[in-house]
Amino acid sequence: MAMFGTKKTKPSEGSDLVLAYLEDAQRVRAALVVFDAKGRETPASLVAVTEERVTLSVQERVLADKGDSVTLLFHLDGLRFKTSSRTQESKAGTLTLDLPAAIDLAERRKNPRARLNQREGATAIALTGLFDGIGLTGTIDNISGSGMCLKVGRAMNVKTQGPMHLGTNLLSVGQVFLLMKLSKLPKCPLIELAGTATHVASEGGLLSVGIAFEPGKDSLLAPIRSLVSSRSNSIPTSVPPKARRSQEAPREEEPAIELAAAHPPARKDPPAAPEPVTAPPPVAAPPPEPVHPSEGAEAAPEAHHRGGALLRVKKRTRNLLLAMPEGPEREALAAFLAADGYGQVLAVAALTELLDVLDRAQLVFVDGGVAEIQGLALASLLRRKLQDDMPPVILAEDTVDSELVLGAQETGVAQILVKPYSLDADFLRMLEEHLGIG
């Protein structure tokens, strides 16, 4: 009977599938929404996933007692998933659950959808009215032949042109957009049509609005359908299979460990044959040392993920200020930083806006500056205003010369970044170092 004892501790096939999806969602920092028994939703992120429990970081306490059922909703691999579990512990900022027994596909789409890279610069303007109402501008996150998901970067009152707060109460489901302009879609012309809001949610600190296109525009939407068909497959009817990454790695490492352990006995044999046999261990040993300098860029994301819950908690307490003109580049950078977990990304394009929020920023990123003052001159203004209390300032410039370097040193600029810069693990590590959380 003891032969079967070890198998009881292994997760079932269904649990393996749940673990595979939750571990992947944690790896890519997928945004989750927790629903309690009464349907109240709370944004969350995964902190730890084990074969016994799931630990979430929640923006506010979930009203659930031990044993109460909760539902998790998250997006991964371009699909929408739902799973249910029972509460182990609920307290401010943290929710601990049993490992869910199953995971279900919760797709609302009827047509395939293509996800767009933010660097492609596809943007949209959506107006509820031409002379009054609400106007939204933002980047197109994904699109299908019948609708799209808009990550809103700015909302304004159409009549007064004044900014509006980006909250889930800004719009309601069923709100009609009289005019929408879709720009810079790959291999598509400028498209103008109407639409209707199908869902409004806060995801990763950004306002996400789902919009269904008006019917009867098949000819106008033909380029979009071609784009979608070239990038996506048909919508699955069940949860696609997925293997756990954490299980695949040990299977590859174990034979190497056993091989290395098998070599020492071979050295005791009197024949000369063991000498060439002992060659593999030295070959296997060197890679860890030389790999570090040559594969620094690849190792960085792994080290970043290994930062774990503590790094994510630190990022939630840091506010970043972006002094950049409005446009796709600013929206892409703000979305990138918010997705990485920073507490608040404040983007400003005017000096008055910057001064209003300056005291809340732990780091200032200047790329082009504000309308009234740009670049090094803006950094100098911050130094004069804040003196020794000035937070780290990173200055992005097209060209760097000796005059700029000397001026930056005198002003106290933390770093000069040469444009164009990449939004990658090195960029995130640079921010962490200047914030002192790396």
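Predicted, not measured: the structure shown is a model, and the values here were computed from it.

Go over the overall build of the protein, please, and point to the residues and values.
Within the protein, the regular secondary structure consists of 13 helices and 19 strands. Burial status across the protein gives 40% buried among its 438 residues. Summing over all exposed atoms, the protein offers an accessible surface of approximately 23,800 Å²; the carbon and sulfur share of this is 53%.

Which residues make up the packing of aromatic side chains, and what values do they have?
Under the defined criterion, the tally for this structure stands at six aromatic pairs. Their ring planes at 65° and their centres at 5.8 Å tell us that Phe365 and Phe427 sit as a pair that is edge-to-face. On the criterion of sequence distance, the pair formed by Phe365 in strand 17 (residues 363-367) and Phe427 in helix 13 (residues 425-435) is long-range, its members being 62 residues apart. No difference in accessibility class separates Phe365 from Phe427, as the two residues are buried. Pairing Tyr421 with Phe427 gives two aromatic rings, centres 5.7 Å apart and planes at 20°, and the pair type is stacked. By way of ring pairs, the aromatic residues Phe336, Phe365, Tyr421 and Phe427 are connected into one cluster.

Give a description of the sheet that holds strand 15 (residues 319-323) that names residues and reports values.
With respect to topology, five strands assemble into an open sheet ordered 16-15-17-18-19, the strand pairing being parallel. Each edge of the sheet is formed by a strand with only one pairing partner; in this case those strands are strand 16 (344-348) and strand 19 (415-418). The average undirected angle you get between the axes of adjacent strands in this sheet is 20°. In the sheet, strand 18 (residues 393-397) pairs with strand 19 via four bridges, with the strands oriented parallel.

I'd like a rundown of the pairing of strand 9 (residues 123-127), residues and numbers included.
Within a regular strand, the side chains alternate between the two sheet faces. Here strand 9 lies mainly inside the structure; four of its five residues are buried. Here five bridges tie strand 9 to strand 10 (residues 134-144), and the two strands are oriented antiparallel to one another. Among the inter-strand pairings, Thr123 is bridged to a residue of strand 10, identified as Thr139. Count of turn residues in the strand 9/strand 10 antiparallel hairpin: six residues, of which Gly133 carries a positive phi of about 100°. Strand direction decides the pairing type here: strand 9 and strand 12 (residues 176-183), joined by five bridges, are antiparallel. Across the sheet, Ala124 pairs through a bridge with Leu182, a residue of strand 12.

Tell me what's going on with the pattern of salt bridges, and back it up with residues and numbers.
Throughout the structure, instances matching the rule amount to 16 salt bridges. Of the charged contacts in the structure, one is a salt bridge between Arg244 and Glu51, with a shortest N-O distance of 3.3 Å. Here Arg244, found in the loop between helix 2 (222-231) and helix 3 (245-267), pairs with Glu51, found in the loop between strand 2 (41-49) and strand 3 (53-58); they are 193 residues apart in sequence, far enough to count as distant. Residue Glu120 is joined to Arg231 by a salt bridge in which the shortest nitrogen-to-oxygen separation is 2.5 Å. With Glu120 in the loop between strand 8 (113-115) and strand 9 and Arg231 in helix 2, the pair connects residues that are 111 residues apart, well separated along the chain. Taking relative accessible area as the criterion, Glu120 reaches 29% and is therefore assigned partly exposed. Residue classification places Arg231 among the partly exposed positions, given a relative accessible area of 37%. Bridged by salt links that share partners, the residues Asp16, Glu23, Glu51 and Arg244 form one connected network.

What counts, and where the lines are drawn
Residues numbered from 1 in each chain as written. Predicted model: local features only at pLDDT ≥ 70, side-chain atom pairs only at ≥ 80, totals over all residues. Heavy atoms only, no water. Helix = DSSP H or I, 4+ residues; strand = E, 2+ residues; numbered from the N terminus. Buried < 20%, exposed > 50% of the residue type's maximum accessible area, 1.4 Å probe, protein only. Areas by Shrake-Rupley, 256 points an atom, 1.4 Å probe, with all protein chains shown as cover. Phe/Tyr/Trp six-rings, centres within 6.5 Å; stacked < 30°, edge-to-face > 60°. Pairing = 2+ DSSP bridges. Axes fitted to C-alpha atoms, helices over the stretch in contact; angles between N-to-C directions. Salt bridge = Lys/Arg side-chain N within 4 Å of Asp/Glu carboxyl O.

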